4 protein chains.
Amino acid sequence: MSDAQGLAKYSEAMRQEIAQARELVAQLHAQLPRYELVVWTAGNVSQRVRNPEVADGSADVFVIKPSGVAYEELTAESMVVCTLDGELIDGTRAPSSDTAAHAYTYQHLAHVGGVVHTHSTYATAWAARGEEIPCVLTMMADEFGGPIPVGPFAIIGDDSIGRGIVQTLRESRSPAVLMQNHGPFTIGKDARSAVKAAVMCEEVARTVHISRQLGDSVPMRSEDIDALYARYQNVYGQ
Amino acid sequence: MSDAQGLAKYSEAMRQEIAQARELVAQLHAQLPRYELVVWTAGNVSQRVRNPEVADGSADVFVIKPSGVAYEELTAESMVVCTLDGELIDGTRAPSSDTAAHAYTYQHLAHVGGVVHTHSTYATAWAARGEEIPCVLTMMADEFGGPIPVGPFAIIGDDSIGRGIVQTLRESRSPAVLMQNHGPFTIGKDARSAVKAAVMCEEVARTVHISRQLGDSVPMRSEDIDALYARYQNVYGQ
Amino acid sequence: MSDAQGLAKYSEAMRQEIAQARELVAQLHAQLPRYELVVWTAGNVSQRVRNPEVADGSADVFVIKPSGVAYEELTAESMVVCTLDGELIDGTRAPSSDTAAHAYTYQHLAHVGGVVHTHSTYATAWAARGEEIPCVLTMMADEFGGPIPVGPFAIIGDDSIGRGIVQTLRESRSPAVLMQNHGPFTIGKDARSAVKAAVMCEEVARTVHISRQLGDSVPMRSEDIDALYARYQNVYGQ
Amino acid sequence: MSDAQGLAKYSEAMRQEIAQARELVAQLHAQLPRYELVVWTAGNVSQRVRNPEVADGSADVFVIKPSGVAYEELTAESMVVCTLDGELIDGTRAPSSDTAAHAYTYQHLAHVGGVVHTHSTYATAWAARGEEIPCVLTMMADEFGGPIPVGPFAIIGDDSIGRGIVQTLRESRSPAVLMQNHGPFTIGKDARSAVKAAVMCEEVARTVHISRQLGDSVPMRSEDIDALYARYQNVYGQ
């Protein structure tokens, strides 16, 4: 199943980074059921490994979950490695069926180092209505800098999901997009950041949903959203 | 309580398969509380064991949970074995009160190798309104190939539950049926598939419910549903 | 704090039963957070210990949780023992602030061997509207034999909560009553049955609530409810 | 990062109390994810340590969580210590970004010994509508003595959050305030009491929300609320 060349053409340093990414991605998958973002085998996390020999990023690879494997059986060894064309180059299992969407995102958004896809309940509920999540919470301004946008309806089989993700995220500060009738995809500078965005996306999707059930939310002014976003992205944390 | 003949009339190979099915069915019951599909002693999983000596399947048996036993006390030994007429042939406890419905399903749907029944909250909520779950999610198209249908109101005591399950599922691609005012029954090629269908049934029941709380969902075209279903049933997984 | 006489006036056999009831009641309290029926120190379980020397039950005692103690610190030793007048006769801590309501229930309903009180979310939500839960689920017919009734508004300090519980339950087959603006009290032949009723009360409160959010439930005929209740109470289980 | 003087200017007894408060505050943070009040690194708990040498409390300090650290990595050592001006005086990490709001609260409310901030879902949903939670539950009368009020919209960066908390809580018996579009802050005589208030705030926010989804709640009379509050605050517990 794996490409004949495998990883042999990459430097020793890059092969070590791939090995570390396998560990990390396997561990991060455990966060998805922990935060109740997935059931059964749904959902996937990937991380880009940059190839320093090709400056434009086109020779980068990414580590992703194999298809249809139970969360408790996911190990570093079971992860698979693909090129940005979505070609399998290392691993004994078929890659996640969402691999093409991850690959397209890495190919077209050079700053993205991690991608996560789930069908988390509340985010998917907004996606099924094709309705963006309005920014009415300070924690949403912090993390998303505005509403969480909706991407087009697209089905698996060509690059239409990937294109929908990339086009929508290019026009937004949000690291999350709700693909219509489908579910959220999130991005980050690395896989951990993308997982955090997936957790926070579901959290704000749930909180704003519940708030709206009993009436309208109080709108937030765009200058307040901007101020919160700027502070959080630049100052927060250690 | 067990039939005098017990398992003696079956081949050694079939008795070994029954022993393995006891282990499997006991383990799969643990998935029901894990995915919050059941409380207390509600819910049951069964698996068919085929008798190779009778080609039409009428001499098959199935392994099912005993009645009213706490989930943490369920062991392979406590499982019971019944014929497709619902007659107890092995086990020291009374079989689940839903045994007749499982038996009828195996008797009339030869391709079914596993059956699960729960009262999972959101699926049962749709069932209490007698309303099918519309197919507005790609994951629902993948798993169910369309809406999840409602079966007739029927109460325990004769084969009316079994008939309702079989008639409804014969007219649908869905492996799940919502029995009106009662709850979901799901089928699969084996018990694990039927448990997966029960988990996914609750997941889509919850997500579509939540989506509908704030307005209409965006409908999906039947050709998109067909394409997703065909791909998922034929290509997905390892 | 404990009565000077303590347990000395009871027979050795009854003192042993009290010791067993302490163990049981301590264990059953762990079911309340497990099924998410309580937070912090709210909720309580009690069990009657019958005094065989006085036939009318007036000399029975019951074991109940102490007041305001964290669930993880509840041990058999920390439980307290009271007479049916609510007088503390054994234990080093103050009894639950709901002790008077438990005592009144045991005093006036001789068949009751266990009482549970929680503020479980969905049952309490119905109670805050003062609205009974209609019987639209087969599992509700099984367990409750009809709607779950609402009891009067009553506050702690005299026997008005106890009276409200007893009057409401005397006119119903349901082992659960929703005290208005307060929460559910449930009864059973022993503490375990009362805990089961508390778990099932919340389960049906949640399922019927969710069903009603999107429209009317399909009513069930009273003869079907009666048939299900009769079967479940007489045949179900081992 | 820490003030040059550190803790050297405080008495040995006070330094021991600070060390104990570090342990306590670290342990109490574990209650926040346990009760599902926070996700990821959101939410914080603090406790005041009184300086007996300055009677007006202005020389007190408080122990609080560092900023942006995962809950499973929080230890007594990682906690930080600040003056009531919000100045860091002990600890190797940046304090929580909500430190100024905690400091302002301690500075202006001398009886407050603990402060908690979360974005718990239901409380935050009420906050996003800017709507107080009406007192329609006996457990809410017990704990909050009336409605849970809403504080003004305020963003991080100056003392406007702290002022909003203090002004709102001064006019209420409630130990919880819902800061508009933001989330709840709770106070208590110590950190454990403030955590309890945060748990109960989310519990009543959820229960009243769910009750209101299907219609109006039955109002409670103010004399009943007063009676319940007086009893609970003075009599309840051990």
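Within an unreviewed UniProt entry, the label attached to chain A reads L-ribulose-5-phosphate 4-epimerase, and the organism entered is Glutamicibacter ardleyensis. One UniProt comment on chain A, placed under Cofactor (unreviewed entry), says "Zn(2+)". Recorded in UniProt for chain A, the comment headed Sequence similarities (unreviewed entry) runs: "Belongs to the aldolase class II family. AraD/FucA subfamily."

**Re the side chain of Thr124(C)**
Along the chain, Thr124(C) falls in helix H4 (residues 121–129). Within polar-contact distance, the side chain of Thr124(C) engages the backbone oxygen of Ser120(C) at 2.8 Å. Those residues within four positions of Thr124(C) in sequence are excluded, and the remaining contacts are His119(C), His182(C), Gly183(C), Pro184(C), Leu137(D) and Thr207(D).

**Details of the UniProt feature "domain: Class II aldolase/adducin N-terminal" (unreviewed entry) in chain A**
In the numbering used here, UniProt assigns the "domain: Class II aldolase/adducin N-terminal" (unreviewed entry) feature to residues 23–209 of chain A. A distance of 35 Å separates the end C-alpha atoms of residues 23–209 of chain A, which is 36% helix and 18% strand.

**A look at the sheet that holds strand S6 (residues 150–151) of chain C**
Residues and elements named next belong to chain C. Taking strand neighbours across the sheet as the criterion, the eight strands line up as S4-S3-S2-S1-S5-S8-S7-S6 in an open arrangement whose pairing is mixed. Edge strands, defined here as strands with exactly one partner in the open sheet, are strand S4 (88–90) and S6. Bridge count between strand S7 (residues 176–179) and strand S8 (residues 183–188): four bridges; the pairing is antiparallel. Note that in S8 the partner of Val177 across the bridge is Phe185.

**Points about the pattern of salt bridges**
Residue and element names in this part refer to chain D. Taken as a whole and assessed by the stated rule, the structure comprises 54 salt bridges over all chains. For the salt bridge of Asp159 with Arg163, the shortest nitrogen-to-oxygen distance reads 3.1 Å. Arg163 sits in the partly exposed class, given a relative accessible area of 33%.

**Observations concerning helix H4 (residues 121–129) of chain D**
For the α-helix, the turn length of 3.6 residues means that residues three or four positions removed from each other point alike. The buried fraction of H4(D) amounts to nine of the nine residues, a majority that puts the element mostly inside the structure. Taken as a whole, H4(D) has its buried residues at Thr121(D), Tyr122(D), Ala123(D), Thr124(D), Ala125(D), Trp126(D), Ala127(D), Ala128(D) and Arg129(D). Buried residues along H4(D) sit in contact with helix H7 (191–213) of chain A together with strand S7 (176–179), strand S8 (183–188) and helix H7 (191–213) of chain D. Remark: Gly130(D) follows H4(D) within two positions and exhibits a positive phi of approximately 65°.

**Examining the relation of the copies chain A and chain D**
It takes a turn of 90° to lay chain A on chain D, together with a shift of 0.0 Å along the axis; the resulting RMSD is 0.0 Å. Overall, the copies show the geometry of a four-fold rotation axis. Considering only C-alpha atoms, the residue of chain A closest to the rotation axis is Gln213(A), which sits at 5.3 Å. Counting the interface residues of chain A, we find that no more than 3% of their copies in chain D are interface residues as well, pointing to two distinct contact surfaces.

**What to know about the environment of Ala76(C)**
All names here are of chain C. Tracing the backbone through its elements, the reader meets Ala76 in the loop between strand S2 (61–64) and strand S3 (80–83). It is 7.8 Å that separates the C-alpha atoms of Ala76 and Leu24, two residues lying 52 residues apart in sequence. Setting aside residues up to four positions removed in sequence, Ala76 forms contacts with Arg22, Glu23 and Ala26.

**A look at the state of the cysteines**
Residue and element names in this part refer to chain A. Within this structure, the stated rule accounts for zero disulfides over all chains. With no disulfide partner, Cys135 has as its closest neighbouring cysteine sulfur the one in Cys201, 13 Å distant. Overall, the relative accessible area of 8% leaves Cys135 in the buried class.

**Regarding the interface of chain A and chain D**
Many analyses report the size of an interface as the accessible area lost when the parts associate. Each side of the interface is counted separately: chain A has 32 residues, and chain D has 29 residues. Interface area for chain A against chain D, summed over the two sides, is near 2,800 Å², with a carbon-plus-sulfur share of 61%. The interface formed by chain A and chain D includes one salt bridge. Between Glu72(D) and Arg34(A) there is a salt bridge whose closest N-O contact spans 3.2 Å. For the pair chain A and chain D, the interface holds 10 residue pairs in polar contact (both at pLDDT 80 or more). Of all the elements in the fold, those that place two or more residues in the side of chain A that touches chain D are helix H2 (31–34), helix H5 (138–144), H7 and helix H8 (222–234) of chain A. Sort the elements by how many residues they give to the side of chain A that touches chain D and H7(A) lands first, with 11 residues.

**Examining the sheet that holds strand S5 (residues 114–117) of chain B**
Residue and element names in this part refer to chain B. As summarised here, the arrangement of the eight strands in space is S4-S3-S2-S1-S5-S8-S7-S6, forming an open sheet in which the pairing is mixed. Strands at the two margins of the open sheet, each flanked by one partner only, are strand S4 (88–90) and strand S6 (150–151). Taken together, the two bridges between S6 and strand S7 (residues 176–179) define a ladder with parallel strand orientation. By the bridge assignment, Gly151 is partnered in S7 with Met179. In this fold helix H1 (residues 12–29) packs onto strand S1 (44–49), strand S2 (61–64), strand S3 (80–83) and S4, with an angle of close to 160° to the strand it touches most, S1.

**Observations regarding helix H6 (residues 160–170) of chain C**
Residue and element names in this part refer to chain C. Of all 11 residues making up H6, eight are buried, and the element is well covered by its neighbours. Inspection of H6 places Ser160, Ile161, Gly162, Gly164, Ile165, Val166, Thr168 and Leu169 among the buried residues, and these make up the whole buried set. Against the buried residues of H6 lie helix H3 (99–108), S6, S7 and S8.

**Examining the packing of H4(C) against helix H7 (residues 191–213) of chain C**
Residue and element names in this part refer to chain C. In the contact formed by H4 and H7, the axes pass within 7 Å of each other and the chain directions differ by 65°. The orientation of H4 with respect to H7, classified from their angle, is roughly perpendicular. As H4 packs across H7, the resulting crossing turns out to be left-handed. For the pair H4 and H7, the contacting residues are Thr121, Tyr122, Ala123 and Trp126 in the first and Cys201, Glu202, Ala205, Arg206, Val208, His209 and Arg212 in the second.

**Some words on a negative patch on the surface**
A cluster of acidic residues, Glu36(A), Glu36(B), Glu36(C) and Glu36(D), forms a negative patch at the surface. Topologically, Glu36(D) is positioned in the loop between helix H2 (31–34) and strand S1 (44–49). The class for Glu36(D) is exposed, based on a relative accessible area of 55%.

**Remarks on the side chain of Gln47(A)**
Residue and element names in this part refer to chain A. Within the fold, Gln47 resides in strand S1 (residues 44–49). A relative accessible area of 14% means that Gln47 is categorised as buried. Of the polar contacts made by the side chain of Gln47, one reaches the backbone nitrogen of Ala191; its length is 2.9 Å. In this view, Gln47 contacts Leu24, Val25, Val61, Phe62, Val63, Tyr106, Gly113, Gly114, Asp190, Ala191 and Arg192; residues no more than four positions away in its chain are not counted.

**Focus on the pairing of S3(B)**
Residues and elements named next belong to chain B. Neither face of S3 is exposed, since Val80 and Cys82 on one face and Val81 and Thr83 on the opposite face are all buried. Sheet topology note: the S3/S4 ladder contains two bridges and is antiparallel. What sits directly across from Cys82, in S4, is Leu88. Linking S3 back to S4 in an antiparallel pair, the connection comprises four residues, with Gly86 at a positive phi of about 85°.

Rules used throughout
- Residues numbered from 1 in each chain as written.
- Chains lettered and ligands numbered in written order.
- Predicted model: local features only at pLDDT ≥ 70, side-chain atom pairs only at ≥ 80, totals over all residues.
- Heavy atoms only, no water.
- UniProt positions renumbered as here; feature names shortened; annotations may be inferred.
- Helix = DSSP H or I, 4+ residues; strand = E, 2+ residues; numbered from the N terminus.
- Polar contact = N/O pair within 3.5 Å; in protein donor to acceptor, adjacent residues only side chain to side chain.
- Contact = heavy atoms within 4.5 Å.
- Pairing = 2+ DSSP bridges.
- Salt bridge = Lys/Arg side-chain N within 4 Å of Asp/Glu carboxyl O.
- Buried < 20%, exposed > 50% of the residue type's maximum accessible area, 1.4 Å probe, protein only.
- Least-squares fit on C-alpha atoms with pLDDT ≥ 70 in both.
- Disulfide = S-S within 2.5 Å.
- Buried area = accessible area lost by both parts, 1.4 Å probe.
- Axes fitted to C-alpha atoms, helices over the stretch in contact; angles between N-to-C directions.
- Parallel < 35°, antiparallel > 145°, perpendicular 65-115°, else oblique.
- Left-handed = near helix turned anticlockwise from the far one by under 90°.
- Patch = residues over 30% accessible without salt bridge, like charges linked within 9 Å, V, L, I, M, F, W, Y side chains within 5 Å.
- Areas by Shrake-Rupley, 256 points an atom, 1.4 Å probe, with all protein chains shown as cover.
- Lys, Arg positive; Asp, Glu negative; His and termini not counted.
- Charge placed at Lys NZ, Arg CZ, Asp CG, Glu CD.

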